[in-house]
Amino acid sequence: MLLGVVVLILTIGIFLIVHDILYHLGKAPSLGREVYVGRYHIHHGYIGLLLVIIGIATLLLIYA
């Protein structure tokens, strides 16, 4: 069960990173609303990177 959630987190994170790269190259449409934390704009690629880091850390904790 937990492994399935980790795989889902990693998949979504990788998708966000790849989509952000393609978006900035002009190859993909926008995903919708931009993400703002306070007054700062955060690209969804950074959110994807955070999800990938969380997924890998969770895998390391599971199988350590």
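Presented here is an overview of the structure given in this document.

Quick notes on the rules
- Residues numbered from 1 in each chain as written.
- Predicted model: local features only at pLDDT ≥ 70, side-chain atom pairs only at ≥ 80, totals over all residues.
- Heavy atoms only, no water.
- Helix = DSSP H or I, 4+ residues; strand = E, 2+ residues; numbered from the N terminus.
- Expected span 1.5 Å × (residues − 1).
- Buried < 20%, exposed > 50% of the residue type's maximum accessible area, 1.4 Å probe, protein only.
- Arc of directions from axis to C-beta.
- Contact = heavy atoms within 4.5 Å.
- 1 Å grid on protein atoms, 1.4 Å probe; cavity = no way out; pocket = protein on both sides within 12 Å on 5 of 7 lines; lining within 4 Å.
- Points joined across faces, edges and corners; volume = space filled by probe spheres on them.
- Nonpolar A, V, L, I, M, F, W, Y, C, P; charged D, E, K, R; others polar.

## Brief notes about helix H2 (residues 44–62)
Reasoning step 1: Its 19 residues place the ends of H2 27 Å apart at the C-alpha level, agreeing with the 27 Å of an ideal helix rising 1.5 Å per residue.
Reasoning step 2: Turning to H2, its buried residues number three or more, namely His44, Gly45, Gly48, Val52 and Gly55. Along the axis of H2, the buried residues cluster in a sector spanning 100°; they form a single face. The outward face of H2, more than 90 degrees from its buried face, is lined by the exposed residues Tyr46, Leu50, Leu60 and Leu61.
Reasoning step 3: Where H2 is buried, its residues contact helix H1 (2–24) and strand S2 (40–42).

## Things to note about the layout of surface pockets
Reasoning step 1: Taken as a whole, the largest pocket spans an internal volume of roughly 210 Å³.
Reasoning step 2: When residues of the lining of the largest pocket are traced back to their parent elements, those giving at least two are H1 and S2.
Reasoning step 3: Taken together, the residues of the lining of the largest pocket break down into 4 nonpolar, 6 polar and 2 charged.

## Remarks on the side chain of His44
Reasoning step 1: Relative to the helices and strands, His44 resides in helix H2.
Reasoning step 2: A relative accessible area of 17% means that His44 is categorised as buried.
Reasoning step 3: Excluding residues within four positions of it along the chain, His44 makes contact with Leu16, His19, Asp20 and Leu31.

Any link to function would need more than the numbers given here.
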